[in-house]
Amino acid sequence: MKRKAKTGFTAGIENYFPSSMPRRRRRFLLVASSFLILYIFLFISTQAGGFFTRARLSDYEAGKVAENDLILDREISYIDQEATDLKIAARVQLVRPIFEVEEDITQRSLSLLRGFVETVESTVSQRLPEETAILQIEAEYPGLFTSDQIRDLLMVARSPFDLGICEDLLRRILRFGLVRFPDQWDQKESIIDIWRWRNGSREHEEVPLSELYTTENLEDRVREDLADLGVSAGFIPIYTNLLQVFAAANTFYDPDQTTRNRERARQELSPVVVRLDPGERIVRKGFIVTEDDMEKILAIGNSSSRFNLQGMLGIGFFMVALYLLTFWLLSSRYAGVRLKESQLYFILSVSVIYLVTAVLISELAPVPSWLPISVFFPTALVTMLLAILVSPRVAVNLGLVLSISLLLINRSNPFELVFAFFSGVAAAIVVLGADKRFELVRSTLYLVLAHIGITAVIGFLGRLQPGQFMSLAGFAVLNSLFCSILNIGLLPFFEHILNIPTSFRLIELSDLNTPLFRRMLTLAPGTYSHSVSVANLAESAAREIGANSLLARVGAYYHDIGKIDQSEYFVENQPDNDNKHNELKPSLSAAVIKSHVKIGIEKARELKLPEEVIEIVAQHHGSGLINYFYVEALKADGGTKPEDYSYNGVPPASREAAVVMLADTVEAATRTLANPTVAKLDKFIWKQIMSKFENHQLDNCDLTFKDLEKIKRTFVQILAGHFHTRIEYPEQKEGKEAVQ
């Protein structure tokens, strides 16, 4: 039979990524395509936004009345050049002029003074006539002093006062720094920065001009210092003259170092940045546009038209990290399920649509900065759909990724991520356990309450005003209602195109009052009764081991639909003494029996049943042996191969399929028991289960021996109730023997 073409979401994808392409390559191309689409959209939205912004700004001109309001739709930052220049000028003025103390001048001046004092003292000790002494000193230090000044110095040397006071004072002055300003000093600083070497290390000190020793104020400062030292007023002029002669300026302006320091300060200074928040009214309609307004308008235009390569690279790296985090969280280890290809397609598509919607809303909606813009995003809708169509854990994991992705919006409100994440988590939780579509309506109320709780936390932590909180709560309630209504409306659509066995769809498929089952009841009543019994067994056993009991029940209902058209070849539909196989060879009979699996798969695909249900139909016999006809064939031909009398399927790959296989085997086998007791049922059912285990029919599923024990106990309990009119319990038998 020619295989029908696929329909639905997966078929649409395969129009662009053919199924003949290797799966890994197809998935890679799909992921790369979604990445490229999202990245291109972000790029275009940035450039297109700049184009429209520039067109809108051209309507405004300084000095003219604005015809429209201009409200900022995004956060804009620009440099206020005038304020920056003033800031730089002030900061440069704080960099003091640098003066360097030259130590060699200090040592030379001290050495000269020390030598002169020693000469004077030596001359005095020789007791030479005064005129001779004056001539001798003039000979050694010609031109430094007049005869009268030398005479005064000789007098001081003979008195109790010590000329060594001058050396100590000169040393202190020169160590502090005797400043000489440049001839054309036009700076207005009141403080300078003096650098000197002291104790082997270079240090500096900021000194006010009023405290400096300079070549201009040296005489006055020396007189003050000598007076403070207690020098007699008559000797102060003599000492002052002496110090003025030997006190050489040793501290000079360093223009190069001063310029370097000021340039460094200029470069290190950050510019004055003006930030305009979203929702801020730049120009009001009917008012004249001022120069300040035009400065802001020009900044908006420049910001919109600027191609930010660094920003685009940042978006690219962020998206790569986001995709890697998504793949990590959606791996089977952390997601708890192995995603099918259609589910991966769905997750990628929903994520891209969500991010595109988020960017568009953030670009077009003038939202004040205090209001989390994520309150307008359908995060709850995405996680509700994923929780129902894939799994709650996948929904929560993807909700986390989508919340982090909101960093692309580039807003400063941290509560945007908080609302998005907790809204997604709450939405995934409220739909848990919903088996009927009406229960989704009830979950809407829970989501509304959850959103109110989230907004209460945001309002408390964000210190919102009462009016702001009421606005936030109102938007949050509308968000929950909008997402819930869309979820109810979109869920059947996605169930169909993704062909996913949600609990709602499985309940619909479990309806036995459909044309298929009415036809089965008419043409194959035994198969119908058998399927219902298997469904009861499988559902109860699956519930006991924690498997999907509803999926097991629906799979059991459909597992034998391949028998309907040839019902007379199956024993449960044959009247007494009318076995069609009596007229056929064992090989032909085995072929007819095996064909019901293939026919069932084809019918299931025609009915567009979920793939999980089709797998149960395909695997409910696994690759087991059709024992009866194999034995009959052996009687005629001892060389018969078991492979020729085995089903062509594969052993069950899921717990639900394995449970249906065991239920099918046990239900059919127990019909052959005569006078079954509880003990006999227990032993017989365990034998049937272990037969499947020993024949490797349970190798591909995750059933443990503990699970098999629970399954056996459940089967015994149900079948014991079924055969209760014919069971002779062990306690009763022992009672009879006791009476006898």
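About the thresholds
- Residues numbered from 1 in each chain as written.
- Predicted model: local features only at pLDDT ≥ 70, side-chain atom pairs only at ≥ 80, totals over all residues.
- Heavy atoms only, no water.
- Pairing = 2+ DSSP bridges.
- Helix = DSSP H or I, 4+ residues; strand = E, 2+ residues; numbered from the N terminus.
- Core = buried A, V, L, I, M, F, W, Y, C linked by side-chain atoms within 4.5 Å.
- Buried < 20%, exposed > 50% of the residue type's maximum accessible area, 1.4 Å probe, protein only.
- Patch = residues over 30% accessible without salt bridge, like charges linked within 9 Å, V, L, I, M, F, W, Y side chains within 5 Å.
- Areas by Shrake-Rupley, 256 points an atom, 1.4 Å probe, with all protein chains shown as cover.
- Salt bridge = Lys/Arg side-chain N within 4 Å of Asp/Glu carboxyl O.
- Axes fitted to C-alpha atoms, helices over the stretch in contact; angles between N-to-C directions.
- Parallel < 35°, antiparallel > 145°, perpendicular 65-115°, else oblique.
- Left-handed = near helix turned anticlockwise from the far one by under 90°.
- Contact = heavy atoms within 4.5 Å.
- pLDDT = per-residue confidence, 0-100.
- Polar contact = N/O pair within 3.5 Å; in protein donor to acceptor, adjacent residues only side chain to side chain.
- Phe/Tyr/Trp six-rings, centres within 6.5 Å; stacked < 30°, edge-to-face > 60°.
- 1 Å grid on protein atoms, 1.4 Å probe; cavity = no way out; pocket = protein on both sides within 12 Å on 5 of 7 lines; lining within 4 Å.
- Points joined across faces, edges and corners; volume = space filled by probe spheres on them.
- Arc of directions from axis to C-beta.

### Thoughts on the sheet that holds strand E7 (residues 213-214)
Point 1. One open sheet accounts for six strands, arranged E6-E5-E3-E8-E4-E7; its pairing is mixed. Of all the strands in the sheet, just strand E6 (201-208) and E7 have a single pairing partner and so form its edges.
Point 2. As paired elements, strand E3 (residues 98-101) and strand E5 (residues 191-198) share three bridges and run parallel to each other. Each bridged residue has a counterpart across the sheet, and for isoleucine 98 the counterpart in E5 is aspartate 193.

### Considering the nonpolar core
Point 1. Formed by 68 residues in total, the largest nonpolar core has its most connected members in Phe346, Tyr354, Leu386 and Leu389.
Point 2. When residues of this core are traced back to their parent elements, those giving at least two are helix H2 (23-57), helix H12 (309-329), helix H14 (341-364), helix H15 (379-389), helix H16 (392-405), helix H17 (415-430), helix H18 (437-461) and helix H19 (466-498).
Point 3. When residues in this core are grouped by element, the largest group, eleven residues, is from H14.
Point 4. Leu662, Ile685, Cys701 and Phe723 belong to the second largest nonpolar core, which has 53 residues in total.

### Some details on a nonpolar patch on the surface
Point 1. A contiguous nonpolar surface patch, about 390 Å² in accessible area, is contributed by Leu445, Tyr446, Leu449 and Ile452.
Point 2. Relative to the helices and strands, isoleucine 452 is located in helix H18.

### What to know about the pattern of salt bridges
Point 1. Tallied over the entire structure, the rule returns 24 salt bridges.
Point 2. Residue glutamate 167 is joined to arginine 171 by a salt bridge in which the shortest nitrogen-to-oxygen separation is 3.1 Å. Here glutamate 167 pairs with arginine 171, and both are found in helix H7 (residues 164-176), just four residues apart, close to one helical turn.
Point 3. For glutamate 167, a relative accessible area of 15% translates into the label buried.
Point 4. The class for arginine 171 is partly exposed, based on a relative accessible area of 27%.
Point 5. For glutamate 539, the salt bridge identified is with arginine 543, shortest N-O distance 3.4 Å.

### Topic: the packing of helix H6 (residues 147-158) against helix H9 (residues 236-246)
Point 1. Look at H6 against H9: their axes get within 10 Å of each other, and the N-to-C directions meet at 115 degrees. As far as their axial angle goes, H9 and H6 are roughly perpendicular. Crossing hand, H6 versus H9: left-handed. Across the interface between the two elements, Gln149, Asp152, Leu153, Met155 and Val156 of H6 pack against Ile238, Tyr239, Asn241 and Leu242 of H9.

### Here's the deal with the confidence of the model for the protein
Point 1. Mean pLDDT over the protein stands at 82; residues scoring 70 or higher make up 88%.
Point 2. Low pLDDT, under 50, characterises residues 732-740; the stretch is placed with three contacts to residues that sit more than four places away or in other chains.

### Brief notes about the side chain of threonine 383
Point 1. Note on placement: threonine 383 falls in helix H15.
Point 2. Separated by 3.0 Å, the side chain of threonine 383 and the backbone oxygen of glycine 424 make a polar contact.
Point 3. Sequence-distant contacts of threonine 383, that is, excluding residues within four places in its chain, are made with Ala395, Gly399, Gly424, Ala427 and Ala428.

### Some words on the packing of aromatic side chains
Point 1. Evaluated as defined, the whole model comprises 17 aromatic pairs.
Point 2. By the ring-pair criterion, three or more aromatic residues cluster together here, those being Phe116, Tyr141, Phe145 and Phe246.

### Looking at empty space enclosed by the protein
Point 1. Taken as a whole and judged by the stated rule, the model has three cavities of 30 Å³ or more.
Point 2. Quantified by volume, the largest cavity comes out at close to 160 Å³.
Point 3. Every residue lining the largest cavity is counted, 15 residues in all, and those nearest its centre are Tyr323, Thr326, Ser351, Leu355 and Val401.
Point 4. Looking at the lining of the largest cavity, the elements that each hand over two or more residues are H12, H14 and H16.

### Re the environment of lysine 706
Point 1. Its location among the elements puts lysine 706 in helix H29 (residues 705-722).
Point 2. Under the relative-accessibility criterion, lysine 706 is labelled exposed at 60%.
Point 3. Between the C-alpha atoms of lysine 706 and isoleucine 545, which are 161 residues apart in sequence, the distance is 8.8 Å.

### Considerations on the pairing of strand E2 (residues 76-79)
Point 1. Of the two faces of E2, only the one carrying Ile76 and Tyr78 is buried; Ser77 and Ile79 on the other face are not.
Point 2. Relative to strand E9 (residues 273-276), E2 runs antiparallel, the two being bridged by four bridges. Directly across from isoleucine 79, in E9, lies its bridge partner valine 273.

### Considering helix H5 (residues 130-140)
Three or four residues apart is the spacing at which side chains of an α-helix point the same way, because the helix has 3.6 residues per turn.
Point 1. If you check which residues of H5 are buried, you get Ala133, Ile134 and Ile137. In an axial view of H5, the angular spread of the buried residues amounts to 100 degrees, which keeps them on one side of the axis. Exposed side of H5, more than 90 degrees from the buried face: Leu135 and Ala139 are the residues found there.
Point 2. Each element contacted by the buried residues of H5 is listed here: helix H4 (103-125) and H6.

### Things to note about unusual backbone geometry
Point 1. In this model, arginine 127 sits at a positive phi of 55 degrees, which is unusual for a non-glycine residue.
Point 2. Secondary-structure assignment places arginine 127 in the loop between H4 and H5.
Point 3. The phi dihedral of lysine 608 is positive, around 55 degrees, even though this residue is not glycine.
Point 4. Counting through the fold element by element, lysine 608 comes out in the loop between helix H24 (586-606) and helix H25 (611-619).

### Here's the deal with the environment of glycine 433
Point 1. Within the secondary structure, glycine 433 is located in the loop between H17 and H18.
Point 2. Residue glycine 433 is classed as exposed on the basis of its relative accessible area of 61%.
Point 3. For glycine 433 and isoleucine 388, which are 45 residues apart along the polypeptide, the C-alpha to C-alpha distance reads 9.5 Å.

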